[in-house]
Number of protein chains: 2
Amino acid sequence: MPLTSSLDQIGENRLLDAWGRALRRHPAQANRMHEADAELLPLPGTGQLLALTTDTLAEEIALGFYTDPETIGWMAATMSLSDLAAVAASPLGLLVAVTLPRGAGGEYQAHLAAGLDGACEAVGTFVLGGDTNFAADASVTTTAVGLVEEAGVLRRVGCVSGEVVYASGPLGAGATVAARALTGDVGSGGRPFRPVARLAEARRLVGYATACMDTSDGLIATLDQLSRLNGVGFEITAPLPRLLESGALRTCQALGLDPLVALAQPHGEFELVWTVPARARERFEREARLEGFEPLAVGRTITEPVIRLCGEPPRLIDAARIRNLTDEVGSDPRKYVPALVAALR
Amino acid sequence: MPLTSSLDQIGENRLLDAWGRALRRHPAQANRMHEADAELLPLPGTGQLLALTTDTLAEEIALGFYTDPETIGWMAATMSLSDLAAVAASPLGLLVAVTLPRGAGGEYQAHLAAGLDGACEAVGTFVLGGDTNFAADASVTTTAVGLVEEAGVLRRVGCVSGEVVYASGPLGAGATVAARALTGDVGSGGRPFRPVARLAEARRLVGYATACMDTSDGLIATLDQLSRLNGVGFEITAPLPRLLESGALRTCQALGLDPLVALAQPHGEFELVWTVPARARERFEREARLEGFEPLAVGRTITEPVIRLCGEPPRLIDAARIRNLTDEVGSDPRKYVPALVAALR
């Protein structure tokens, strides 16, 4: 099967496939491996799917991307709620397993709880319960639970060439957070990172989107995974500065970096990326606008299974190499940025 | 409210209550804090509750109680499935967030997966999906999801004095695991620890049990928490050797320990403990036996809010001190056992 061998070029996919081979699959599960941002399970007699997703926030804490407990809590909630958004589910709630750094007292925990609660409140949901542990390295694992009509679920698979590609908002905000941590520029007075999972926007996509995925690993990794899953390519037609969130654009300018670095680095911003057939484009954009939602047109799907930037000449992006770059440079984030810049040249 | 102040004497309850104060509560949630082993949320129009529970397995790995990855996987699955059992839910599946020790290769992961899968298969359920990370300390967070009829849910609250107290099986198996690790007696050829979550047995309790909780922290902690929640006490009337799993009894004999140590130490065995009104005792036991299930009669609920062993004279157990002992002795497990023995004297 060619798709599998294409997926196989990415280390993270190989890891997931090894787990898939080692575990029996639920016979009623409504998604295959890789096919959706959340696990989907029919609730018999209801016409609905339970959407379930679990994720651990650890690396961003270890790298110093998130230092204050409120940001850690907010991001831990948002990363899982964003996966519910990508399947267009309505959240029922969040479960939280917190591993506190030894010595974290009541104040640390209260701020962490405030972050978790704030990210839930921003999308109209609640923390239902959880568990607390202590260890050397802090981490937070969240599990988001939601419901979605079987007929309205969004998956990563289903797009063909010739469709329009959108994002739910400007991209690259995660790059600024990473750049600040890596350059030690933590006191620059920027607003804290508080992305809101795009649950409300996702419901506008139902009936239009043929494939959808969140940008938790950045735009390029998202397009690349959609490319491998669907056997299509992606052409980015929008000028990059127009895709970039203003802070990310300023970060690239300040550091003398190609704006593409902000879209290719793997610390994502939790927007959604989705495809709409060209014939439905006008109707979709009109309806979205009526509801005050301005999707960002990113580009289009193409037959050739590559990621390229429109231009004279077009630029091909070696997305496989970029996605495997962490393995290539080891876990040293300071080596990562120069390697990424070189890989994008 | 006297119950709250009683719960408050236990460090773990205070920690949970602090989180409860910091987080908004879902208005439809069908359990209050402490009231059930799993979070309960109505699924509108179905008459059913979604049962959800998340837990992190970390301390038992750090202490060397579980060393091989298959045991780690099995126990991580069982601890959350056991919480579903305690509310009499039927499992829909399990989500798994694995934090691998750096350097854990494919074989380690395959054994971990086999353990997770085996514990799920033993109760007829499946791993639905998950997430993988690497860090210095290994841990596994599992989230179990299940369904239970609103009318058939079991909670920790609801027993009164004069009821019969049962356990789903012999107790103390966790003590042997802990003793082996702490004494370095790892090569004694014992069978690996593979408790099966008591999901099938829990369904036999519906209509009879007035309160139910799993023994994930050992029998005494379980009875103590039920005591604080229900404002009743517990008298253990069964001779202790009859309550003890055979390996635990041998461990106590070999180490010259009071059998009560095996029931009071906090590494549990994932049995269920529940109460049945005295008038329903005969019918319950007959029905259970017809289905091949032999519950173990532990004792009875009493008016006085204490935990005591029947005998001449009766022995009072200082359960609050025992449950807070980890805080008292610090995190050194070698100091813990002598302190526990002294506290039980």
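Not measured: the values here are computed from a predicted model. (Residues numbered from 1 in each chain as written. Chains lettered and ligands numbered in written order. Predicted model: local features only at pLDDT ≥ 70, side-chain atom pairs only at ≥ 80, totals over all residues.)

Turning our eyes to something else, we now look at the overall build of chain A. Summing up its helical and strand segments, chain A has 15 helices and 12 strands in all. Computed over the C-alpha atoms, the radius of gyration of chain A is 19 Å, within 12% of the 20 Å expected from 2.2 N^0.38 for a compact globule of 345 residues. In terms of principal-axis extent, the alpha carbons of chain A reach across some 55 × 55 × 45 Å. Across chain A, every contact between residues at least 6 apart in sequence was considered, and the portion connecting residues at least 24 apart equals 81%. (Helix = DSSP H or I, 4+ residues; strand = E, 2+ residues; numbered from the N terminus. Rg over C-alpha atoms; globule rule 2.2 N^0.38 Å. Contact = placed C-beta atoms within 7 Å.)

Ranked by internal contacts, the top residues of the largest apolar core, which has 210 residues, are A51, V87 and I220 of chain A together with A51, V87 and I220 of chain B. Excluding residues within four positions of it along the chain, A51 of chain A makes contact with A38, L40, L84, V87, A89, G146, L147 and V148 of chain A. (Core = buried A, V, L, I, M, F, W, Y, C linked by C-beta atoms within 7 Å. Buried ≥ 20, exposed ≤ 12 C-beta atoms within 10 Å, placed from the backbone.)

Next up on the list: the environment of A200 of chain A. Residues and elements named next belong to chain A. Following the sequence through the fold, A200 ends up in helix α7 (residues 199-205). A residue is classified by how many C-beta atoms lie within 10 Å of it, and A200, with 16 of them, is partly exposed. Linking A200 and S90, residues 110 residues apart in sequence, is a C-alpha distance of 8.6 Å.

Before going further, it helps to spend a moment on the sheet that holds strand β8 (residues 233-236) of chain A. Strand pairing in a sheet takes place through backbone hydrogen bonds and is either antiparallel or parallel in direction. All names here are of chain A. Taken in spatial order, the seven strands of this open sheet run β7-β9-β6-β10-β8-β11-β12, and their pairing is mixed. The strands lining the two open edges of the sheet, one partner per strand, are β7 (211-214) and β12 (315-317). Along the sheet, successive strands turn relative to each other by an average axial angle of 25 degrees, direction set aside. Pairing between β7 and strand β9 (residues 272-277): four bridges, direction antiparallel. Residue pairing across strands places D214 opposite L272, the latter belonging to β9. Each of β7 and β9 touches helix α4 (residues 69-86); the most contacted strand, β7, lies at about 175 degrees to it. (Pairing = 2+ DSSP bridges. Axes fitted to C-alpha atoms, helices over the stretch in contact; angles between N-to-C directions.)

Let us now look at the pairing of strand β2 (residues 48-57) of chain B. Residues and elements named next belong to chain B. Along β2, 10 of the 10 residues are buried, which leaves the element largely enclosed by surrounding structure. Bridge count between strand β1 (residues 39-43) and β2: five bridges; the pairing is antiparallel. Bridge pairing in β2 places L40 opposite A51. As consecutive antiparallel partners, β1 and β2 are separated by four residues, and within that stretch G45 has a phi angle of approximately 80 degrees, a positive value. Taken together, the 10 bridges between β2 and strand β5 (residues 139-149) define a ladder with antiparallel strand orientation. Its bridge partner being in β5, L57 is matched across the sheet by V140.

Moving on: the packing of helix α6 (residues 173-183) of chain A against helix α10 (residues 246-255) of chain A. All names here are of chain A. One way to put it is that α6 packs onto α10 with a least axis distance of 7 Å and a crossing angle of 45 degrees. Accordingly, the angle class assigned to the pair α6 and α10 is oblique. Crossing of α6 against α10: the hand is left-handed. The residues of α10 that touch α6, namely those facing A173, A175, T176 and A179, are G247, A248, T251 and L255. Grouping the constituent residues of the contact of α6 with α10 by class yields five nonpolar, three polar and no charged. (Parallel < 35°, antiparallel > 145°, perpendicular 65-115°, else oblique. Left-handed = near helix turned anticlockwise from the far one by under 90°. Nonpolar A, V, L, I, M, F, W, Y, C, P; charged D, E, K, R; others polar.)

Another aspect to go through is the relation of the copies chain B and chain A. Of the transformation superimposing chain B on chain A, the axial component is 0.0 Å and the angular component is 180 degrees, with the fit at an RMSD of 0.0 Å. The two molecules are tied by a two-fold rotation axis, judged by turn and shift. Taken together, the interface assignments show that 100% of the residues at the interface of chain B recur at the interface of chain A, consistent with an identical surface on both copies. (Least-squares fit on C-alpha atoms with pLDDT ≥ 70 in both.)

All names here are of chain A. Its 18 residues give α4 an end-to-end C-alpha distance of 26 Å, which sits within 8% of 26 Å, the value for a rise of 1.5 Å per residue. Among the 18 residues of α4, 18 are classified as buried, and the element is accordingly described as predominantly covered. Directly beyond the C-terminal end of α4, a positive phi value near 65 degrees is found at A88. (Expected span 1.5 Å × (residues − 1).)

Interface size is often expressed as the accessible area that is lost when the parts come together. Residue and element names in this part refer to chain A. Domain boundaries in chain A define domain 1 (2-151) and domain 2 (155-344). Distance between the C-alpha centres of domain 1 and domain 2: 20 Å. The interface is formed by 29 residues belonging to domain 1 together with 33 residues belonging to domain 2. Looking at the side of domain 1 that touches domain 2 residue by residue, the class counts come to 17 nonpolar, nine polar and three charged. (Domains from an automatic or database assignment.)

This part is about the sheet that holds strand β5 (residues 139-149) of chain A. Residue and element names in this part refer to chain A. Ordered in space as β1-β2-β5-β3-β4, the five strands form an open sheet in which the pairing is mixed. With partners counted over all chains shown, the strands left at the sheet margins are β1 (39-43) and β4 (127-135), one partner each. Across the sheet, the mean angle separating the axes of adjacent strands is 15 degrees when strand polarity is ignored.

With that settled, the discussion passes to the interface of chain B and chain A. Each partner contributes residues to the interface: chain B has 46 residues there, and chain A has 46 residues. Among the elements that make up the side of chain B that touches chain A, the one with the highest residue count is strand β4 (residues 127-135) of chain B (eight residues). Among the residues forming the side of chain B that touches chain A, the class breakdown is 21 nonpolar, 16 polar and nine charged.

Among the 10 residues that make up helix α12 (residues 281-290) of chain B, one are buried, leaving the element largely open to the surroundings. A positive backbone phi angle near 75 degrees is found at G292 of chain B, which sits one or two residues after α12 of chain B.

Turning next to unusual backbone geometry. Of note, the bond from E312 of chain A into P313 of chain A is cis; its omega dihedral lies within 30 degrees of zero at -5 degrees. Mapped onto the elements of the fold, P313 of chain A is located in the loop between β11 (307-309) and β12. The phi dihedral of A88 of chain B is positive, around 65 degrees, even though this residue is not glycine. Position of A88 of chain B relative to the elements: it lies in the loop between α4 (69-86) and β3 (90-101). Judged by the 26 C-beta atoms lying within 10 Å of it, A88 of chain B falls in the buried class.

Residue and element names in this part refer to chain B. In terms of residue burial, strand β9 (residues 272-277) counts as a mostly covered element, since five of its six residues are buried. Pairing analysis gives five bridges linking strand β6 (residues 163-167) to β9, with the strands arranged antiparallel. Bridge pairing links E163 to P277 in β9.

Our focus in this paragraph is the packing of helix α5 (residues 106-121) of chain A against helix α2 (residues 11-22) of chain B. Geometrically, a packed helix pair is captured by the angle between its two axes and the distance between the axes. Two elements in contact, α5 of chain A and α2 of chain B, have axes whose closest approach is 9 Å; the angle formed by their N-to-C orientations is 40 degrees. By the angle between their axes, α5 of chain A is oblique relative to α2 of chain B. Judged by the sense of rotation from one axis to the other, the crossing of α5 of chain A with α2 of chain B is right-handed. Side by side, α5 of chain A and α2 of chain B meet where G106, Q109, A110, A113, A114 and D117 of chain A of the first sit next to A18, W19 and A22 of chain B of the second.

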